[in-house]
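Understanding the architecture of this molecule
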Amino acid sequence: MKYAVGIDVGGTNTRVALINEKYEIKERVQFGSDPKNPIKTLNQINDVIKGFGEKIEGIGISCPGPLDLINGIILTPPNLPGWHNFELTKELEKITGISVQLENDANLAGLAETVIGAGLCIDGQIYRGAKGFAQEVANCILWKNGPSQGDLKKGSIESIASGTAITKRANDAGLEAAHAGEVYQLAQEGNETAAMIMEDAYEYLSSFIATLYGVLDPELFVLSGSVALKIPGFIEEIEKRAKEKVYDALKSNVKIVPAALGEDCGLIGAACLAFFDLDKKKK
């Protein structure tokens, strides 16, 4: 049996999994990411890999963008300020001695869900664009002078509809909430500020998805992450609103589904990346 390592790096946690060629997770370890010290996190990853005790064919790593995928460099992810312009692929290969493939976290989540598709998949391949920066949609501006988050511009979709953004907006407004689910709960209890923040998330995200349907005509959207998967009715509400925003002829095409693999989609997608690279080398 061949094994790859899938890694999902986030601003809060890093998850490392041993995954076999049947895409089954055999072991997994989670620890806190160090947003200011990437080398510390990479050394922890290496310790976990050694602890698996298996021969590793390759490593796939899922990371938030923007990324320079051609050169394996993390550019300026807002939740990893100490990782900016960090040569992730080069450094992790140096530490582990194993071939490493880097990909955008949203692309790999999609790849895992179908073992085909991703942020944008064309004929079974992730579309990276001319310079490797395709699918960096977090900074797409929808709201003039809207909220901002980290290095993202004011009114960007991630600054409105991500879990971190929803929580930040609530905290900035004086509400006590540790995560987006608590903001949702406050809204359900009648808090007008929380309700407004959730309304913005629903409205702008559905508008963004409706726009993408008009541009790309995808078969479906797969939504993952804590907001989509843990807030009751979130995906259904986004689909309902997106249908209202497209041409009538497109309404039946709008299909938005939850990630079947849940929070494991990034790990499985990263393993897909490693195994696909292994197959390319064989050829």
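We now turn to the structure provided with this report. Remember, predicted model here, so these are calculated numbers, not experimental data. (Residues numbered from 1 in each chain as written. Predicted model: local features only at pLDDT ≥ 70, side-chain atom pairs only at ≥ 80, totals over all residues. Heavy atoms only, no water.)

1. Digging into the environment of Phe275
Of note, Phe275 is situated in helix H10 (residues 265–282). With 272 residues separating them in the primary sequence, Phe275 and Tyr3 have C-alpha atoms 8.6 Å apart. If we skip the residues at most four places from it in the chain, Phe275 touches Lys2, Tyr3, Ala4, Ile19, Asn20, Glu21 and Tyr23. (Helix = DSSP H or I, 4+ residues; strand = E, 2+ residues; numbered from the N terminus. Contact = heavy atoms within 4.5 Å.)

2. Focus: the sheet that holds strand S3 (residues 25–32)
Taken in spatial order, the five strands line up as S3-S2-S1-S4-S7 in an open sheet, and their pairing is mixed. Of all the strands in the sheet, just S3 and strand S7 (100–104) have a single pairing partner and so form its edges. Sheet twist, expressed as the average angle between the axes of neighbouring strands with direction ignored, equals 20°. Here strand S2 (residues 13–20) runs beside S3; their pairing, made up of seven bridges, is antiparallel. Considered in S3, the bridge of Ala17 is made with Arg28. Contacting strand S1 (3–9), strand S4 (56–63) and S7, helix H2 (residues 88–96) crosses the sheet at an angle of about 145° to S7. (Pairing = 2+ DSSP bridges. Axes fitted to C-alpha atoms, helices over the stretch in contact; angles between N-to-C directions.)

3. Points about the side chain of Ser206
Here Ser206 is to be found in helix H7 (residues 192–216). When its relative accessible area of 0% is taken as the criterion, Ser206 is described as buried. Within the local environment of Ser206, its side chain forms a polar contact with the backbone oxygen of Glu203, the two atoms lying 3.0 Å apart. The contact partners of Ser206, leaving out residues within four places of it in the chain, are Ile238, Arg241, Ala242 and Lys245. (Buried < 20%, exposed > 50% of the residue type's maximum accessible area, 1.4 Å probe, protein only. Polar contact = N/O pair within 3.5 Å; in protein donor to acceptor, adjacent residues only side chain to side chain.)

4. Things to note about helix H1 (residues 38–52)
Here H1 contains 15 residues, and its C-alpha end-to-end distance of 22 Å stays within 8% of the 21 Å for a straight helix at 1.5 Å per residue. Among all positions of H1, only Pro38, Thr41, Leu42, Ile45, Asn46, Val48, Ile49 and Phe52 are buried. The buried residues of H1 occupy an angular sector of 165° when projected down its axis, which confines them to one face. For H1, the exposed residues lying more than 90 degrees away from the buried face are Asp47, Lys50 and Gly51. Elements in contact with the buried residues of H1: S1, S2, S3, S4 and H2. Trailing H1 by a residue or two, Gly53 shows a phi angle of about 70°, which is positive. (Expected span 1.5 Å × (residues − 1). Arc of directions from axis to C-beta.)

5. A few points about H2
Leu88, Thr89, Glu91, Leu92 and Thr96 are the residues of H2 that are buried. Residues of H2 that are buried make contact with S1, H1, S4, strand S6 (73–74) and S7. Positive backbone phi, approximately 75°, marks Gly97, located one or two places after H2.

6. Observations regarding the pairing of S7
Most of S7 sits out of view: four of its five residues are buried. Here S4 runs beside S7; their pairing, made up of five bridges, is parallel. The residue of S7 that forms the bridge with Cys63 is Asn104.

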